[in-house]
Amino acid sequence: MGAVSVKAEALMQRLAGLARPSELAAPREAAMARLAGMGLPSKRDEYWQYTDPAALNATVALPAALAVDDDAALFGALDAVRLVFVDGVFDAAASDDLALAGVTISRLANAPDGHWAETAYGALEALGQTPIARPWATLNTAYATDGLLIHVTGKAQKPLSITYLRRDQLTDAILHHVIKLDAGAELTLLEQGPAAARLNHVIEVDLGTSARFHHIRAQGRDMGRRAVTHIFAHLAGEALFKSFTLTADGALTRNEAVITFAGPNAKAHIAGAAMGDGAFHHDDTVFITHAAERCESRQVFKKVLKHGAVGVFQGKILVKKGAQKTDGYQISQALLLDDGSQFLAKPELEIYADDVKCSHGSTSGAIDDTALFYLRSRGVPLRAAQSLLILAFLADTIAEIEDEAIAEDIRAGLETWLARHES
Amino acid sequence: MLEIKNLHVKLEEEDKQILKGVTLSIGAGEVHAIMGPNGSGKSTLSYVLSGRDGYTVTDGSATLDGADLLEMDPELRAAQGLFLAFQYPVEIPGVGNMTFLRTALNAQRKTRGEPEISAGDFLKLVREKAKNLKIDAEMLKRPVNVGFSGGEKKRNEILQMAMLEPKMCILDETDSGLDVDAMKLVSEGVNALRSAGRSFLVITHYQRLLDHIKPDVVHIMAAGRIIKTGGPELALEVENNGYADLLAEVK
């Protein structure tokens, strides 16, 4: 069987039983046409060589047990507009009013004809298909059943805080958010929760000139859940994009970020802290395109792995001809807490401009014994000393969160996880 | 206070005997110095007492106020009042100095069944102690020992000692890497902590540190043993004549 038919086969398998919603029909049609040409990847795809997409391709999601311990939700003390999804469906009754000055929010599931998002929905996803195809995102555009369409015209006074609850062991959710920030607009988006046993999640963020977008995400820690997520960000001049993701647990997570600088002097920082114990496969795949002058991109990814957990990082910086004075930085590191864990990293730079500053680094190693002894010699017990050093290892990622209260919440989440996974 | 009897220690990884029968008794409030040539086992003694991995005790004992030190994890030894000022203080990127101090202090208190110190009291305490050692707010905020000069690292060790208030302090070549002014400052910090209930074991190559921290007893260590014990004059003898004469004496 040739490669193309394997992909077509995989696509047919996945689409069996999926129904295409009717809202925003035109962009969904277009996505369907693109998808048919792509099919779905197998492990033979170079872009998927470290992560096996088989569980994503299956017709039916594998069950994922619901987490038993009921940890306090993150960002609880924050003054925010709270939005709740249950098993992949927006729950209006459990959510705050969708009224926020400077922001209009509507649901994908009941977007009327002529909605502003008709031209935006799937647009950045489509752009993000070159030079590398991302079929899961296209499938998402075609089949997403819910999500939020957010238009920010000014400076949002409060963050939007989305919580994804999961009540069903078999939820198979496809969610798609479109966020459009006009020139000078500002928004902070918080996301937390497991969402589904199998989640396909897309966010498209279109930043106008000088717009500022902060994104902080805590992916649900249910052990068995699987997720493929994409963030597509498109930055006009002077814009700022910052995204941080905390991943604790999960059988399979593939987080892709596709970021394009279209105007000069913009900044994009993307960071991820991942912690896995046992059956945990976590893949950060980033593609940053510098197509304008004097932009700064920064990728900071760290993973803490134990008991056979696997971490993957594929990060690419593409500097196009003419994108002079580009400042690109990329670091990926893993802390391997035992011999059975594994970190696979593939950093890439592709540069067609001659006056740029780009650097990358990748390391993996164990906890520093000397530092551990130093802490213990001061009276800090072994477990606490290990936790302190693990948090220290992750500190550079959390430093990418500008809001100190949010950073503190993330730190607390990490500490809870570490306490639960001490042995 | 600290009783070391016939302590024999070898390296875990290779069959190499480092300490070959060290016996030492330090009473409450006393300051003892250990001098000796390179490779005599001085640092090994400090590591074994504080519980570092990599050593096997093959014979002998070490007790702190009657409690068997060698049986305890390093953190328990610390909570019992043992403190080692490192020859090479460790850099810990990502952990703020303040967080480090507070975590250590509260961990020891918790182990001893005492209440944790409040954030306000801690801040007051650390500011007061830091001021005496000329440690500024900036140094307290930075990650532990990261980017510190040699002198700053040693002052930071003494700050930890002042905060944790141990009863048995081991100073492992605290004078190494210090200029004259820094040595004076560090010594003043140590002297300020001297009290009837607190003992010191000062490990050094040079007599000059002992000009500042005046010992009650001086031991000479060579080839894993204490070969001679005397008063402060013994340190002067070493400074003037080197170790050769002493080593010849015991042969």
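Residues numbered from 1 in each chain as written. Chains lettered and ligands numbered in written order. Predicted model: local features only at pLDDT ≥ 70, side-chain atom pairs only at ≥ 80, totals over all residues. Heavy atoms only, no water.

## Quick word on the packing of aromatic side chains
Here is the rule: Each pair of aromatic rings taken from Phe, Tyr and Trp, with Trp reduced to its six-membered ring, is defined by centres within 6.5 Å and is described as stacked if the planes are under 30 degrees apart, edge-to-face if over 60, and tilted in the remaining cases. The way it works is that DSSP assigns letters per residue, a run of H or I at least four long becomes a helix, a run of E at least two long becomes a strand, and they are numbered from the N terminus. Per-residue accessibility, obtained with a 1.4 Å probe over protein chains only, is compared with the maximum for each type, and a residue is labelled buried under 20%, exposed over 50%, and partly exposed between these values.
Using the criterion set out here, one finds ten aromatic pairs over all chains in the structure. Look at Phe 85 of chain A and Tyr 164 of chain A: their rings are 5.5 Å apart centre to centre, the planes differ by 40 degrees, and that puts the pair in the tilted class. Of this pair, Phe 85 of chain A sits in strand β1 (residues 81–86) while Tyr 164 of chain A is found in strand β6 (residues 160–165), placing the two residues 79 residues apart along the sequence. Comparing Phe 85 of chain A with Tyr 164 of chain A shows no difference in burial state: the two are buried. Where Phe 213 of chain A meets Phe 241 of chain A, the ring centres are 5.9 Å apart and the plane angle is 25 degrees; that geometry is what we call stacked. Placement of Phe 213 of chain A in strand β10 (residues 212–219) and of Phe 241 of chain A in strand β12 (residues 240–248) is noted, with a sequence separation of 28 residues between them. Judged by relative accessible area, which is 1%, Phe 213 of chain A ranks as buried. Residue class for Phe 241 of chain A comes out buried when judged on its relative accessible area of 0%. Each residue in the set Phe 373 and Tyr 374 of chain A together with Tyr 47, Tyr 55, Phe 86 and Phe 100 of chain B is aromatic and connected to the rest through ring pairs, giving one cluster.

## Details of the interface of chain A and chain B
Formally: What makes two residues a contact is simply this: any of their non-hydrogen atoms within 4.5 Å. By buried area we mean the combined loss of accessible area, with a 1.4 Å probe, across both parts when two parts are placed together. The salt bridge definition used is simple: a Lys or Arg side-chain nitrogen within 4 Å of an Asp or Glu carboxyl oxygen. We define a polar contact as two N or O atoms separated by no more than 3.5 Å, with the added condition that, inside protein, one atom must be a possible hydrogen donor and the other a possible acceptor, whereas residues neighbouring each other in sequence contribute only through side-chain atom pairs. Classification convention: Asp, Glu, Lys, Arg as charged; Ala, Val, Leu, Ile, Met, Phe, Trp, Tyr, Cys, Pro as nonpolar; all other residues, Gly among them, as polar.
Contact with chain A, which involves 16 residues of that partner, is made by 29 residues of chain B. Between chain A and chain B, the buried area comes to about 1,800 Å², and carbon and sulfur atoms account for 70% of it. Looking only at chain A, the three residues that lose the most surface to chain B are Phe 373, Tyr 374 and Arg 378 of chain A, adding up to 44% of its buried area. Counting across the interface, chain A meets chain B through three salt bridges. At the boundary of chain A and chain B, one finds nine residue pairs in polar contact (both at pLDDT 80 or more). Taken together, the elements giving at least two residues each to the side of chain A that touches chain B come down to α7 (369–377) and α8 (382–398) of chain A. At seven residues, α7 of chain A tops the list of elements feeding residues into the side of chain A that touches chain B. Considering only residue class, the side of chain A that touches chain B consists of eleven nonpolar, three polar and two charged.

## Remarks on the environment of Ala 371 of chain A
Residue position: Ala 371 of chain A is located in helix α7. Separated by 17 residues in sequence, Ala 371 of chain A and Leu 388 of chain A have C-alpha atoms that sit 10 Å apart. Those residues in contact with Ala 371 of chain A that lie beyond four places of it in its chain are Leu 389 of chain A together with Val 90 and Ile 92 of chain B.

## A closer look at the confidence of the model for chain B
Where we set the bar: pLDDT expresses how confident the predictor is about each individual residue, on a scale running from 0 to 100.
Mean pLDDT over chain B: 92, with 99% of residues reaching 70 or higher. Note on the complex model: pTM 0.91, ipTM 0.96.

## Comments concerning the sheet that holds β12 of chain A
Residue and element names in this part refer to chain A. For clarity, the cut-off: In this description, strands pair whenever DSSP reports at least two bridges between them. Where helices are involved, their axes are fitted lines through C-alpha atoms of the stretch in contact, as for all axes, and angles between N-to-C directions lie from 0 to 180°.
Reading across the sheet, the ten strands line up as β2-β1-β6-β8-β10-β12-β14-β16-β18-β20 and stay open at both edges, with mixed pairing between neighbours. The sheet is open, and its two borders are formed by β2 (89–90) and β20 (357–365), each paired with just one other strand. In terms of strand pairing, strand β18 (residues 327–336) meets β20 through nine bridges, oriented parallel. Looking at β20, one finds that Asp 327 is bridged to Lys 357. Contacts between α8 and the sheet are confined to β12, β14 (267–277), β16 (296–306) and β18, with β16 contributing the most and set at about 155 degrees to the helix.

## A word on the pattern of salt bridges
Residues and elements named next belong to chain A. Within the structure shown, the criterion is met by 32 salt bridges over all chains. The salt bridge partner of Arg 34 is Glu 125, with a shortest N-O separation of 2.6 Å. One end of the pair, Arg 34, is in helix α2 (residues 25–38); the other, Glu 125, is in helix α5 (residues 123–127), with 91 residues separating them in the sequence. Residue Arg 34 is classed as partly exposed on the basis of its relative accessible area, which comes to 25%. Given a relative accessible area of 0%, Glu 125 falls into the buried group. Arg 134 serves as the salt-bridge partner of Glu 256, at 2.7 Å between the closest nitrogen and oxygen. Of this pair, Glu 256 sits in strand β13 (residues 252–261) while Arg 134 sits in the loop between α5 and α6 (135–143); the two residues are 122 residues apart in sequence, bridging distant segments of the chain. This pair shows no difference in class: Glu 256 is buried, exactly as Arg 134 is. Connected through salt bridges with shared partners, the residues Arg 134, Arg 254, Glu 256 and Asp 283 form a single ionic network.

## Section: the side chain of Arg 198 of chain A
Here Arg 198 of chain A shows up in strand β9 (residues 198–207). Not counting the four nearest positions on each side in its chain, Arg 198 of chain A is found in contact with Arg 14, Ala 55, Leu 56, Asn 57, Ala 58, Thr 59, Val 60, Ala 61, Thr 171, Asp 172, Ala 173 and Arg 226 of chain A.

## Here we look at the sheet that holds strand β3 (residues 31–35) of chain B
Residue and element names in this part refer to chain B. Strand order in the open sheet made by the six strands is β6-β9-β10-β3-β11-β12, with mixed pairing throughout. Of all the strands in the sheet, the pair left with one neighbour each is β6 (82–85) and β12 (225–230). Sheet twist, expressed as the mean angle between neighbouring strand axes with direction ignored, is 20 degrees. Taken together, the five bridges between β3 and strand β10 (residues 199–204) define a ladder with parallel strand orientation. Note that in β10 the partner of Ala 33 across the bridge is Val 202.

## Topic: the packing of helix α6 (residues 150–164) of chain B against helix α7 (residues 180–193) of chain B
All names here are of chain B. Applicable threshold: Angle categories: roughly parallel below 35 degrees, roughly antiparallel above 145, roughly perpendicular from 65 to 115, and oblique for all the rest.
Where α6 meets α7, the closest approach of the two axes is 9 Å, and the angle between their N-to-C directions is 10 degrees. Comparing their axes, α7 and α6 come out roughly parallel. Facing Lys 154, Arg 155, Ile 158, Met 161 and Ala 162 of α6, the residues of α7 in contact are Leu 185, Val 186, Gly 189, Val 190 and Leu 193. Partitioned by chemical class, the residues of the contact of α6 with α7 number seven nonpolar, one polar and two charged.

## A few points about helix α9 (residues 404–420) of chain A
Residues and elements named next belong to chain A. Filter applied, for reference: Helix span, as expected, comes to 1.5 Å for every residue beyond the first. What the arc measures is the spread of directions leading from the helix axis to the C-beta atoms.
Here α9 spans 24 Å end to end across 17 residues, near enough to the 24 Å set by a 1.5 Å rise per residue. By the burial criterion, the buried members of α9 are Ile 406, Ala 407, Ile 410, Leu 414, Trp 417 and Leu 418. Across the axial projection of α9, the buried residues extend over an arc of 120 degrees, all falling on one side. For α9, the secondary structure elements touched by its buried residues are β8 (186–193), β10, β12, β14 and α8. One side-chain oxygen at the N-terminal end of α9 lies 2.9 Å from the backbone nitrogen of Ala 405; it belongs to Asp 403.

## Regarding the packing of helix α3 (residues 97–111) of chain B against α6 of chain B
Residues and elements named next belong to chain B. The criterion, for reference: Left-handed describes a crossing in which the near helix is turned anticlockwise from the far one by less than a right angle; the clockwise case is right-handed.
For the pair α3 and α6, interaxial distance at closest approach is 10 Å and the crossing angle is 35 degrees. Judged by the twist between their axes, the crossing of α3 over α6 is right-handed. Only Asn 156, Leu 159, Gln 160, Met 163 and Leu 164 of α6 make contact with α3, whose side of the interface consists of Asn 97, Phe 100, Leu 101, Ala 104, Leu 105 and Gln 108. Its residues placed into classes, the contact of α3 with α6 shows seven nonpolar, four polar and no charged.

## A word on the side chain of Asp 249 of chain A
Residues and elements named next belong to chain A. Tracing the chain through its elements places Asp 249 in the loop between β12 and β13. There is a polar contact of 3.0 Å between the side chain of Asp 249 and the side chain of Trp 417. If we ignore the near neighbours within four places in the chain, the residues touching Asp 249 are Gly 220, Arg 221, Asp 222, Met 223, Arg 225, Met 275, Asp 277, Phe 280, Trp 417 and His 421.

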